[in-house]
Amino acid sequence: MSYEAIHPNWEKPAGNMVDGYSLEMTAKEIEGLREAAPLIRPDTQIAVTFLPGEEIEQRIEASCEVRRLGFEPIAHVSARRIKSHEELEHYLKETAERAQAKRVFVIAGDPPEPEGPFEDSLQIIETGLLEKYGYEVIGVGGHPEGHPNVDKDALWTWMERKLDAVRAHGMTPLIVTQFAFDDDAIVEWLGEMRRRGIDVPVRLGVPGPAGIKRLLGFAKRCGVGASASVMKKYGISITNLIGNAGPDKLVDGLDKKLGQEHGRVRLHFYPFGALTASAQWINDYDARHS
């Protein structure tokens, strides 16, 4: 597998935990991205999420702005939110042509019933539209803490089916995980994946610095484990929800526990609307560990 297709830095060992990081934003955060841009490394990969309440054109324009500011856009596709085959093709075509996007992340999405013809991300991969419009790297989801609606064995089966489909269509697979707070759970999941023979590079989802209430709110909404013991380990007391929290303990824990047996790994930051704060945290971490 060519790691360079995913990110040039991946052909060599990471200098530190934030080497080759990626970020996430919503289609409505263009102004926030412009504000944070001077703090973000050139060519950083920035994913534009596929959330409810945003129009296709907003998502396309956000990807174009990512490109204009000197970064690499990653398109998101939420299969169950796509209303038609034509809508999917329009989105992929315009994002590829106008934003020169070469990367896409596909998920099933959380609506209980599909809003159109697609029920899962495998169906998106099988359309042939991704390679038709020149997408080269296809991200699929990973869930270190499990999924509320899918059992553990099924998650592994679905992952392998999606990875096989990406390769069969001539593209490079990548796994991007939901954010988590527990470094032990992340490392255990990653170890099991490697023992299963899945050698695909992984971006581990990490929460950016944010208000404690905001972090817990996103965790609940996304089905992420946030028990009292896990949050205490992360550095948060759920009896005191005042103030902010950063991923320092989590990232330090990953740095200590990840080894060669875990394969190629980089971080993917979920800023929760605070792109500037996340970029500043990354830069401060890099300065301390360079």
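Residues numbered from 1 in each chain as written. Predicted model: local features only at pLDDT ≥ 70, side-chain atom pairs only at ≥ 80, totals over all residues. Heavy atoms only, no water.

## A closer look at the overall build of the protein chain
Okay, so step 1: A tally of regular secondary structure across the protein chain gives eleven helices and ten strands.
Okay, so step 2: Residue burial in the protein chain is summarised as follows: out of 290 residues, 54% are buried.
Okay, so step 3: Contacts spanning at least 24 positions in sequence make up 79% of the contacts within the protein chain whose residues lie at least 6 apart.
Okay, so step 4: Working note: accessible area of the protein chain is about 12700 Å², and carbon and sulfur atoms make up 50% of it. (Helix = DSSP H or I, 4+ residues; strand = E, 2+ residues; numbered from the N terminus. Buried < 20%, exposed > 50% of the residue type's maximum accessible area, 1.4 Å probe, protein only. Contact = heavy atoms within 4.5 Å. Areas by Shrake-Rupley, 256 points an atom, 1.4 Å probe, with all protein chains shown as cover.)

## What to know about the sheet that holds strand 10 (residues 265-270)
Okay, so step 1: On the basis of which strands lie adjacent, the closed barrel formed by eight strands has the order 1-2-3-4-5-6-7-10 and parallel pairing. Each strand axis lies, on average, 30 degrees off the axis of its neighbour in the sheet, ignoring direction.
Okay, so step 2: Alignment of strand 5 (residues 137-142) against strand 6 (residues 172-177), held across six bridges, turns out to be parallel. Note that in strand 6 the partner of Gly 142 across the bridge is Thr 177.
Okay, so step 3: The strands touched by helix 6 (residues 152-168) are strand 5 and strand 6; relative to strand 6, the strand with the most contacts, the crossing angle is about 145 degrees. (Pairing = 2+ DSSP bridges. Axes fitted to C-alpha atoms, helices over the stretch in contact; angles between N-to-C directions.)

## With respect to the pattern of salt bridges
It is possible for side chains of opposite charge to pair when their charged atoms get near one another.
Okay, so step 1: With the rule as written, the count across this model stands at 23 salt bridges.
Okay, so step 2: A salt bridge links Arg 34 to Glu 31, with the nearest nitrogen and oxygen atoms 2.3 Å apart. Of this pair, Arg 34 and Glu 31 both sit in helix 1 (residues 30-36), three residues apart, roughly one helical turn.
Okay, so step 3: With a relative accessible area of 38%, Arg 34 lands in the partly exposed category.
Okay, so step 4: Its salt-bridge partner being Lys 93, residue Glu 97 comes within 3.1 Å of it at the nearest N-O pair. Of this pair, Glu 97 and Lys 93 both sit in helix 3 (residues 85-99), separated by four residues, roughly a single helical turn. (Salt bridge = Lys/Arg side-chain N within 4 Å of Asp/Glu carboxyl O.)

## Thoughts on the packing of aromatic side chains
Okay, so step 1: Inspection of the entire model under this criterion finds eight aromatic pairs.
Okay, so step 2: Considering the side-chain rings of Trp 281 and Tyr 285, the 5.3 Å spacing of their centres and the 25 degrees angle between planes classify their relative orientation as stacked. Placement of both Trp 281 and Tyr 285 in helix 11 (residues 275-288) is noted, with a separation of four residues, approximately one turn of the helix. Judged on exposure class, the residue Trp 281 and its partner Tyr 285 are both buried.
Okay, so step 3: The ring of Phe 50 carries Arg 59 above its face, with NZ or CZ at 3.6 Å from the centroid.
Okay, so step 4: We note Arg 161 situated over the ring of Trp 158; from NZ or CZ to the ring centre the distance is 4.6 Å. (Phe/Tyr/Trp six-rings, centres within 6.5 Å; stacked < 30°, edge-to-face > 60°. Lys NZ or Arg CZ within 6 Å of the ring centre and 35° of its normal.)

## What about unusual backbone geometry?
Okay, so step 1: With phi around 70 degrees, Asp 43 is a residue other than glycine that occupies positive phi space.
Okay, so step 2: Tracing the chain through its elements places Asp 43 in the loop between helix 1 and strand 2 (45-48).
Okay, so step 3: Not every positive phi belongs to a glycine, and Phe 272 is a case in point at roughly 55 degrees.
Okay, so step 4: Looking at the element boundaries, Phe 272 is found in the loop between strand 10 and helix 11.
Okay, so step 5: The exposure class assigned to Phe 272 is buried, which follows from its relative accessible area of 8%.

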